[in-house]
Amino acid sequence: MSRAARYDFDTAVDRRGTWCVQWDGVADRFGVDGLLPFTISDMDFETAPEVLSALRARLGHGVLGYTTWRQDDFRSAVAHWYATRYGTTIDTGRLVYGPSVLSQVSQLVRMWTREGEGVVLHTPTYDGFRKAVTGLGRELRGVPLGDTGALERELARPDAKVLVLCSPHNPTGRVWTEAELRETAALAARHGVAVISDEIHADFVHEGYTHVPWVRVAGDGRWAVVTSASKAFNFPALTGSYGLIGDPADHAEFLRRMETAEGLASPAVLSLTAHIAAYREGAAWLDAVREYTAGNLALVADRLNGAFPELGWEPPQAGYLAWVDLRPLGVDDEALQRVLIERERTAIMPGSVYGAPGFLRLNVGCPRRKAEAGVAALVRALGAVRPAA
């Protein structure tokens, strides 16, 4: 029996009318209601039963007062996860907490840069990073994924202060090797650039690949890791994340800013509860949902390459987001979106959102039947807009 067979991922959960961004908010981005969405990066599955059980028990207590993350249940659960999942020992004295990964990134950028200074990111770029960096008045410096020479040139600029590393990478699903990470750490240290490693997709690395936590390669450079169980275990609405900060003075300053200046001393108790349950009891469910979504990604590869062999599309190394390079087909992005929306009634994220025209990002964190409908709609739309040979 496969791991996925232990759980029911095939039965659809109706998310409409639940204030859901992916389903109820589709018109905000695509201008039309009622589309079948494959958009924002959350899944259509219930979270792990162990997490739901823990949440119900906590709600059963009835008192939802101010709470603290500085307690051993949470700290030891995080340490347990790193030890059992990644074979890595962490110093729980370096832990910090925040309402979201992006809020932590923004706070660190404010700590380590001034307005007008450079923040380096790999391109294509998750749109949340771009909005955060430019919204703070910092200059976003894009570096093509895999171009080490371009990376060093940008890090060497005198006003380059921070590298935001997405590990694994969103939207491509790229998993960095330990050698690549060590080289990046050495370059950043050489040029005095701080590294913020966003590892929220780390728990969704597929078979054959290995996530290497930044704490294993950081060395003496200035660094922070920001992450959350919410992506892998599908509870982002509980608004909670945590991080690790290398330098003690930076750690103290971050806590001061978050807890005093931002007034965020008390975290959401249900997020803490979910994190602890996920990290202590949820590993089997995570392995199963990862296996199931890998099946969805294999389906996308089969259908896309069967219809358009020139794409040669391969599933990502991590995540449930199919990042598809459509440039070999020569299709017009706007025409494709019109057909998808008006004829197919389907919402798929265009690559331009991430600074990569000619690509699409298709979310298949969903029941197989929905994934089949999405890739079928995409194949039909591509056939309709593809230029004649």
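Preceding this section is the structure that the text describes.
Residues numbered from 1 in each chain as written. Predicted model: local features only at pLDDT ≥ 70, side-chain atom pairs only at ≥ 80, totals over all residues. Heavy atoms only, no water.

Participant: Would you mind going over the pairing of strand S10 (residues 346-350) with me for this structure?
Facilitator: The element S10 is largely enclosed, with a buried count of 5 among its 5 residues. Bridge analysis of strand S1 (residues 36-38) against S10 gives 3 bridges, and the strand direction is parallel. Bridge pairing in S10 links Phe38 to Ile348. One ladder, built from 2 bridges, connects S10 with strand S11 (residues 359-363); its direction is antiparallel. Residue pairing across strands places Pro350 opposite Leu360, the latter belonging to S11. (Buried < 20%, exposed > 50% of the residue type's maximum accessible area, 1.4 Å probe, protein only. Helix = DSSP H or I, 4+ residues; strand = E, 2+ residues; numbered from the N terminus. Pairing = 2+ DSSP bridges.)

Participant: Help me out: how do you make sense of helix H8 (residues 178-190) in this one?
Facilitator: The α-helix winds at 3.6 residues per turn, so residues separated by three or four positions along the chain end up facing the same way. Here H8 spans 18 Å end to end across 13 residues, near enough to the 18 Å set by a 1.5 Å rise per residue. Residues of H8 that are buried: Leu181, Thr184, Ala185, Leu187 and Ala188. Down the axis, H8 shows its buried residues gathered within 165° of arc, on one side only. Away from the buried face of H8 by more than 90 degrees, exposed residues Ala179 and Arg190 are located. Elements that come into contact with the buried residues of H8 comprise helix H7 (148-156), strand S5 (160-166) and strand S6 (194-198). Looking at the residues trailing H8, positive phi occurs at Gly192, about 70°. (Expected span 1.5 Å × (residues − 1). Arc of directions from axis to C-beta. Contact = heavy atoms within 4.5 Å.)

Participant: Where do I start with empty space enclosed by the protein in this structure?
Facilitator: To find the voids left in a structure, one rolls a probe of water-molecule size over its atoms. Inspection of the entire model under this criterion finds 5 cavities of 30 Å³ or more. Space inside the largest cavity adds up to approximately 60 Å³. Around the largest cavity, the lining residues are Trp81, Tyr82, Tyr86, Glu199, Ile200, Ala202, Asp203, His211, Thr227, Ser228, Tyr242 and Tyr279. Considering every element that reaches the lining of the largest cavity, the biggest residue donor is helix H4 (residues 72-86), with 3 residues. Counted by class, the lining of the largest cavity contains 7 nonpolar, 3 polar and 2 charged residues. (1 Å grid on protein atoms, 1.4 Å probe; cavity = no way out; pocket = protein on both sides within 12 Å on 5 of 7 lines; lining within 4 Å. Points joined across faces, edges and corners; volume = space filled by probe spheres on them. Nonpolar A, V, L, I, M, F, W, Y, C, P; charged D, E, K, R; others polar.)

Participant: How should I be thinking about the packing of H4 against helix H11 (residues 269-281) in this particular structure?
Facilitator: Axis angle and axis distance: for two packed helices, these are the angle between their axes and the distance between the axes, and together they describe the pair. Orientation of H4 relative to H11, taken along the N-to-C sense of each, is 35°, at an axis distance of 9 Å. In the crossing of H4 with H11, the sense of the turn from one axis to the other is left-handed. Contact with H4, carried on its side by Asp73, Phe74, Ser76, Ala77, Val78, His80 and Trp81, involves Leu272, His275, Ile276, Ala278, Tyr279 and Arg280 of H11 and no other residues of that element. Residue composition of the contact of H4 with H11, by class: 8 nonpolar, 3 polar and 2 charged. (Axes fitted to C-alpha atoms, helices over the stretch in contact; angles between N-to-C directions. Left-handed = near helix turned anticlockwise from the far one by under 90°.)

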